[in-house]
Protein chains: 2
Amino acid sequence: MTVEQTSARTLEAQAAAETPAGGAPDLGRIRTALLGSWPDIRLAARARTLDPALHRLDDLRVAEHRDRVTAQLQVLLDSGAVRLPFPSAFGGTDDAGGNLVAFEELVTADPSLQIKAGVQWGLFAAAILHLGTRYHHEHFLADAIELRTFGGFAMTETGHGSDVASIATTATYDPAVQEFVIDTPFRAAWKDYIGNAAVDARAAVVFAQLETLGEQHGVHAFFVPIRDEAGRFLPGVGGEDDGPKGGLNGVDNGRLHFSGVRVPRANLLNRYGDVAPDGTYSSPIASQGRRFFTMLGTLVQGRVSLAGAANTGAKIALQIALTYADQRRQFVAAGSDEEVLLDYPRHQRRLLTRLAAVYAATFTQDELLQDFHRVFTGAEDTDESRQELENFAAAAKAEATWNALETVQECREACGGAGFLAENRFGQLHADLDVYVTFEGDNTVLLQLVGKRLLTRYGRRLQAAGPAGTAAIVGGQVASSAAASAGLTAIGQRLADGITVAGAARALRETAVQERLLTERVEVAIAEIAPALRPAPGVSPEALAKRFAEHQHALIEAARAEARLRQWKAFTRAVERETHAPTKALLTVVRDVFALQAIERELGWYLTRRRLSVARATAVSRTLDALLLRMRPYAVPLVEAFGYEQGHLRAPIASGAEAARQVESRATR
Amino acid sequence: MTVEQTSARTLEAQAAAETPAGGAPDLGRIRTALLGSWPDIRLAARARTLDPALHRLDDLRVAEHRDRVTAQLQVLLDSGAVRLPFPSAFGGTDDAGGNLVAFEELVTADPSLQIKAGVQWGLFAAAILHLGTRYHHEHFLADAIELRTFGGFAMTETGHGSDVASIATTATYDPAVQEFVIDTPFRAAWKDYIGNAAVDARAAVVFAQLETLGEQHGVHAFFVPIRDEAGRFLPGVGGEDDGPKGGLNGVDNGRLHFSGVRVPRANLLNRYGDVAPDGTYSSPIASQGRRFFTMLGTLVQGRVSLAGAANTGAKIALQIALTYADQRRQFVAAGSDEEVLLDYPRHQRRLLTRLAAVYAATFTQDELLQDFHRVFTGAEDTDESRQELENFAAAAKAEATWNALETVQECREACGGAGFLAENRFGQLHADLDVYVTFEGDNTVLLQLVGKRLLTRYGRRLQAAGPAGTAAIVGGQVASSAAASAGLTAIGQRLADGITVAGAARALRETAVQERLLTERVEVAIAEIAPALRPAPGVSPEALAKRFAEHQHALIEAARAEARLRQWKAFTRAVERETHAPTKALLTVVRDVFALQAIERELGWYLTRRRLSVARATAVSRTLDALLLRMRPYAVPLVEAFGYEQGHLRAPIASGAEAARQVESRATR
């Protein structure tokens, strides 16, 4: 039987036959697995978001939407949940991970609420906690937590977004009066896109280049009052409203600038760098570069929470679209009844592959939250664990936010005209989630960081291996078309031409094969890029920068592959934790769909690097189609296993109205 | 020199060396080419859209936005331009093509205006013109054109979107009083998403299943008054507001339903089917199926105009993003100055490939408009030319609208936080253009039609060739992995392994090579699918439908490839029309970028079908990178050649403000 003669349905029958018997999958177990490591906090947060007072209303003006969201923060505060990550003195339990879990869930109410709460507690208050010391905690933290002081996190400038090291706002120490003088030197140095800054903020944590005794010490954070109680800018402070945005209009973003604004010396958030009364600078971290990255490290919380929030948005969208797709009928294919949309293979391709990706992102997010919790509670807080966390968060945030945006769009289109109505949520979800892919670190910039770390890791491996080991590593990984044209890799050979497609399909579902293929996509790409970027005698920094630019696209693609590999691993660990055989079999099908779509997307790469034979590559799509057919009957249970209720979905097309209309129309005919 | 050792820069130098000398490209010539076949009408339309009265305002409530757009229609009417497509008796010049050109341009003012105008003149009035006869022209047309009667085009039903043949609204003839009785049998048969229906419409062209003397004659259109002058529903008519939408909130979409609503017999728009006073049905078209498609054929105008309008949106977005990317600097790569965003190869990949695609779509649109004009003015109105026009419009609409949506999103992300501000346009453009991909025919459904026509064409070719010819055609095209594993196709062989990458790059820029590769992507795919779908003895319709479903994904992919091939051909014809050598060379680079990105996107397909060798496939991406470097210096001139002014862009980041800020910040440092 050749590949061409083997249809997806044949493979599907084969896959079904291979599935261990033993009864139906237990969706309750899957639901528990998806809930993750803080189930009680997550369920409580979901119960809170059922409150209509927290829901977004359509057709509000920007000012009305802002007022509504500001008032909603008080509702959250009254619930007590927002105090979780803070020390017990402030009503919290130091539960860093649990706190983010609760934040993620706010998206079902209104993403603006999630972001506004994130600005106030996750950025402004958290900066006071993490970058400040006892004085700041005593003087500023309670007011920030209890909403007595709304605050901005004034880092980004119009001229510098993701490149924080280059910001131009200055904070010059004046020893005569023991004050810092904050200044905005030119228009491009205005703080911009700052949440709370347009209206609500009375203070801000302002990031500026610290100068004392004529010396520069890099970026530091300062607590700066900006408005009086009546909301008027304090002397020297100015700004403007960023105005309406593409989404998230419940958040009042704005611009700020400073002209000779003086704050007491004590307002420097001095955990990682301090200035003595006489102007002497000191820091527990000697290197300015490392100090900068340590301070920025506190930002990782934002990225972790955006990844989770984006997943929440994608889940809601998928549940709405899949519920509809499972009820809606359109066009008569055969017989007398119209086809259910989800029975169209194209529809399965569009939605079920996305469902698999959101499963992968969900299991990944739980691991990310656990890592975050270990670092931020101090359970495992080392330089290495922090760096690894930042790297993981960068990869997960980029992948989850893009996936969510694309998923919402696909869901919108899959629901046709009904999907365009505001009542069915997709348009607003897309508009709101849009900026998640560029804020708290532009995804492209984040992936570049992930890519650089891959290069570093590769360099270290070569160094550790010595000359002989290096040859083996390079020989094993770099498959230049000249060098590799003679043969395939070990796994590739097992799957060489001539094998039956049934065998190829079976192999593609093996965990070891998937791991090898997904790992090679990263490692071979890095091995291809690395030699050109190694500093060498006679290569100027300019030439090296040029080379880096030439490989930027390939490096970012490798980083995305790394992000997907991490997702696949997290998914596989979740599958391996499952002990109930039929449930495990179903989860494995979904995991396989995730793996095969990742491989299919890169088919050209695998073929040009001779990591897949042509026969095997052909089997990838067929096997994927077969697995989608296997997933199809479980589509709605799998999406319901996310655990959201109608009060979270709030979409008429997911309410069963479509099914009811069809019953009526059939009865009438 | 192996493929791996050949950098994009080397190839770029090669490409530069091959470019004929003779001076700089003439952007004025390109501008003229892009303006297309109705330059005066297009320029006049652009001049009109500079009027601030026509511009969208941010932060309006839905009701305010609707009122504004309704008032804007009067401005358009006063300009006289909207009368163009109508007969001279109605103030027009029968200029079908020129009319659509003017419509396309409304997008720069507000896509809601384009759609609302399209509903009133392009659907409601056009249906009266094209489906009605003298009586309807005399009684209804002038009021529709002159906005004395706002009207809806009530075709789509809640239960049936793109499947118009299945609508359930009935129009039963009552010979006793010579009236039609319009009825909505159940909820799913409510007319839905109907523009003008929520507020403005006083009448509607209602599509319903015509029944007379107990016999069904299929879908027909009726002129039905629905509201009195005060805006109250007439007896038997009901409806509701579709409410806020994901975009296009200047259009009042709504639902309508009918209970025993009676209209005179004369209100049947009877060009393609009539009922005599005694109830006898007659039609100039015998077949009910053909009659249906002929009536729906008048809808092609909407698809043509959506394709052009989507291109307009993509152009605006690209001009904003590229202007910014050419000024904005971020991160220091080498040396002391920060890099301009557009000098990052990843940024070139993101934006310049899109620019090439919009060039392709623009030249395609002009050919589509010419075809449309020939058919609708009667210059070349045959069954075959109408079908070919519908097919072309389906392919072009699907490709242009998806491309626009993706382009706007890519531009948004490429501009980071600034791209998210409403003042910079992307968010609203995306929200508004979103529904273009599913209305007036869901893109997926349209592509399926294109795919079916490809199958028919292929079947006819086989039939015409006879048994011997069939073997040659099939043998030449179907490359099953078993059959083709021995060798590459003719062109593939010229490019087999061992060739230098410089040679491969040169070949990939040859028009004949590109045409062959893009054509093969369509024809081989169709040849692969066709055998399974051929009706054969012993194959039940159900089995055939199942098989069709199994191949749906592949068929739609083939149809997209056909759409791209058409774009490539239109682009190539435009290049060939250019006589000024340096200008032609530049246009060729852009055309090549379009071709190579289309091939790169399908690399896995080309490799698994052995249409490209591994070495050649590797050269595709390198050559594309090299061409992007060649395009880079002309990025801004190429986008300015679209001819839009600041009054069309209305985006602060494209105003030069970014460059001014940088001059200031550098002066200050």
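The structure this text deals with has already been given above.
Being a predicted model, the structure only gives us computed values, none of them experimental.

Draft legend 1. Focus on the overall build of chain A. Broken down by element type, chain A carries 26 helices and 11 strands. Its C-alpha radius of gyration of 27 Å places chain A within 12% of the 26 Å reference for a compact globule of 669 residues. On the principal axes, the C-alpha backbone points of chain A span a range of 90 × 75 × 40 Å. The buried share among the 669 residues of chain A stands at 62%. Relative to all contacts within chain A whose residues are 6 or more apart in sequence, the contacts with residues 24 or more apart total 75%. Carbon and sulfur atoms make up 53% of the accessible area of chain A, which totals about 22800 Å². Each charge class in chain A was averaged separately, 72 positive and 79 negative side chains, and the resulting centres sit 4 Å apart.

Draft legend 2. Looking closely at the interface of chain A and chain B. Listed per partner, the contact involves 90 residues of chain A and 90 residues of chain B. Carbon and sulfur atoms make up 56% of the area that chain A and chain B hide from each other, which totals about 7900 Å². In this structure, the connection of chain A to chain B is made through eight salt bridges. A salt bridge links Arg-61 of chain A to Glu-64 of chain B; its shortest N-O distance comes to 2.5 Å. Run the count over chain A and chain B and you get 34 residue pairs in polar contact (both at pLDDT 80 or more). With six residues, the top contributor of residues to the side of chain A that touches chain B is helix α19 (residues 541-550) of chain A. Here the side of chain A that touches chain B is composed, by residue class, of 31 nonpolar, 28 polar and 31 charged.

Draft legend 3. Molecular detail of the pattern of salt bridges. The full count for this structure, using the stated rule, is 98 salt bridges over all chains. A salt bridge links Glu-520 of chain A to Arg-516 of chain A, with the nearest nitrogen and oxygen atoms 2.7 Å apart. Placement of both Glu-520 of chain A and Arg-516 of chain A in helix α18 (residues 511-533) is noted, with a separation of four residues, approximately one turn of the helix. The network of salt bridges with shared partners includes Asp-192, Glu-240, Asp-242 and Arg-255 of chain A together with Glu-423 of chain B.

Draft legend 4. Summary view of the relation of the copies chain A and chain B. With an RMSD of 0.0 Å, the operation that places chain A on chain B is a rotation of 180° combined with a shift of 0.0 Å along the axis. Taken together, the rotation and translation describe the operation of a two-fold axis. Across chain A, the rotation axis passes nearest the C-alpha of Gly-604 of chain A, at a separation of 2.0 Å. Both copies contact each other with a shared surface, as 99% of the interface residues of chain A are interface residues in chain B too.

Draft legend 5. Focus on the nonpolar core. Counting 321 residues, the largest nonpolar core has Trp-121, Leu-355 and Tyr-359 of chain A together with Trp-121, Leu-355 and Tyr-359 of chain B as the members making the most contacts within it. In this structure Leu-355 of chain A touches Leu-318, Leu-322, Met-631, Ala-635, Leu-638, Val-639 and Phe-642 of chain A, once residues within four positions along its chain are discounted.

Draft legend 6. Representation of helix α8 (residues 288-297) of chain A within the structure. All names here are of chain A. Residues of α8 that are buried: Arg-291, Phe-292, Thr-294, Met-295, Leu-296 and Gly-297. On its buried face, α8 is in contact with α6 (111-131), β6 (215-225), β11 (281-282), α9 (300-325), α10 (345-376) and α11 (383-414). Regarding α8, its N-cap is Ser-287, as a side-chain oxygen of that residue lies 3.3 Å from the backbone nitrogen of Gly-289 further along.

Draft legend 7. Spatial organisation of unusual backbone geometry. Residues and elements named next belong to chain B. Positioned with a positive phi, Asp-94 is a non-glycine residue whose angle comes to about 55°. Inspection of the secondary structure assignment puts Asp-94 in the loop between α4 (62-79) and α5 (96-104). The partly exposed category is assigned to Asp-94, whose relative accessible area is 42%. Positioned with a positive phi, Leu-213 is a non-glycine residue whose angle comes to about 50°. As for its position among the elements, Leu-213 is in the loop between β5 (203-212) and β6 (215-225). The exposed category is assigned to Leu-213, whose relative accessible area is 56%.

Draft legend 8. Quick peek at the packing of helix α17 (residues 501-508) of chain A against helix α23 (residues 614-631) of chain A. All names here are of chain A. One can describe the packing of α17 onto α23 by two numbers: an axis separation of 9 Å at closest approach and a directional angle of 70°. Relative to α23, the element α17 lies roughly perpendicular. Along its contact with α17, which presents Val-501, Ala-504, Ala-505, Ala-507 and Leu-508, the element α23 presents Arg-616, Ala-619, Val-620 and Thr-623. Of the residues contributing to the contact of α17 with α23, the split by class is seven nonpolar, one polar and one charged.

What counts and how
- Note that residues are indexed from 1 along each chain, following the sequence as it is written.
- Chains and ligands are labelled by the order in which they are written, letters from A for the one and numbers from 1 for the other.
- Per-residue local features of the predicted model are confined to residues with pLDDT of at least 70, and side-chain atom pairs are confined, for both listing and counting, to 80 or more; whole-chain, interface and lining totals are unaffected and use all residues.
- The side-chain figures draw on all heavy atoms in the structure; neither hydrogens nor water molecules are used.
- Each helix is a run of DSSP H or I of at least 4 residues and each strand a run of E of at least 2, with the numbering of both proceeding from the N terminus.
- Every radius of gyration here is taken over C-alpha atoms, with the globule rule written as 2.2 Å times N^0.38, N being the number of residues.
- Note on exposure labels: buried denotes an accessible area under 20% of the residue type's maximum, exposed denotes more than 50%, and partly exposed covers the range between, all computed with a 1.4 Å probe on protein chains only.
- Residue contacts follow a heavy-atom distance rule, with two residues in contact if any of their heavy atoms lie within 4.5 Å.
- Note on areas: Shrake-Rupley, 1.4 Å probe, and residue coverage restricted to the protein chains presented here.
- Residues scored as charged are limited to Lys and Arg (positive) and Asp and Glu (negative), so that His and the chain ends carry no count.
- Every charge is mapped to an atom, namely NZ of Lys, CZ of Arg, CG of Asp or CD of Glu.
- Summed over both partners, the accessible area (1.4 Å probe) lost when two parts come together is defined as the buried area.
- We count a salt bridge whenever a side-chain nitrogen from Lys or Arg sits within 4 Å of a carboxyl oxygen from Asp or Glu.
- Throughout this description, a polar contact denotes any pair of N or O atoms lying within 3.5 Å of each other; where both atoms belong to protein, one of them has to be capable of donating a hydrogen while the other can accept it, and for residues adjacent in sequence the pair is counted only when both atoms sit in side chains.
- Amino acids are sorted into nonpolar (Ala, Val, Leu, Ile, Met, Phe, Trp, Tyr, Cys and Pro), charged (Asp, Glu, Lys and Arg) and polar (every other residue, Gly among them).
- Each copy is superposed on the other by least squares, with the fit set by C-alpha atoms of residues at a pLDDT of at least 70 in both.
- In this text, buried Ala, Val, Leu, Ile, Met, Phe, Trp, Tyr and Cys residues form a nonpolar core when linked through side-chain atoms within 4.5 Å.
- Helix axes use the C-alpha atoms of the stretch in contact, all axes being lines fitted to C-alpha atoms, and the angles between their N-to-C directions lie in the range 0 to 180 degrees.
- Angle categories are assigned with fixed cut-offs, so that under 35 degrees is roughly parallel, over 145 is roughly antiparallel, 65 to 115 is roughly perpendicular, and the rest are oblique.

The analysis is restricted to geometry; functional conclusions fall outside its scope.
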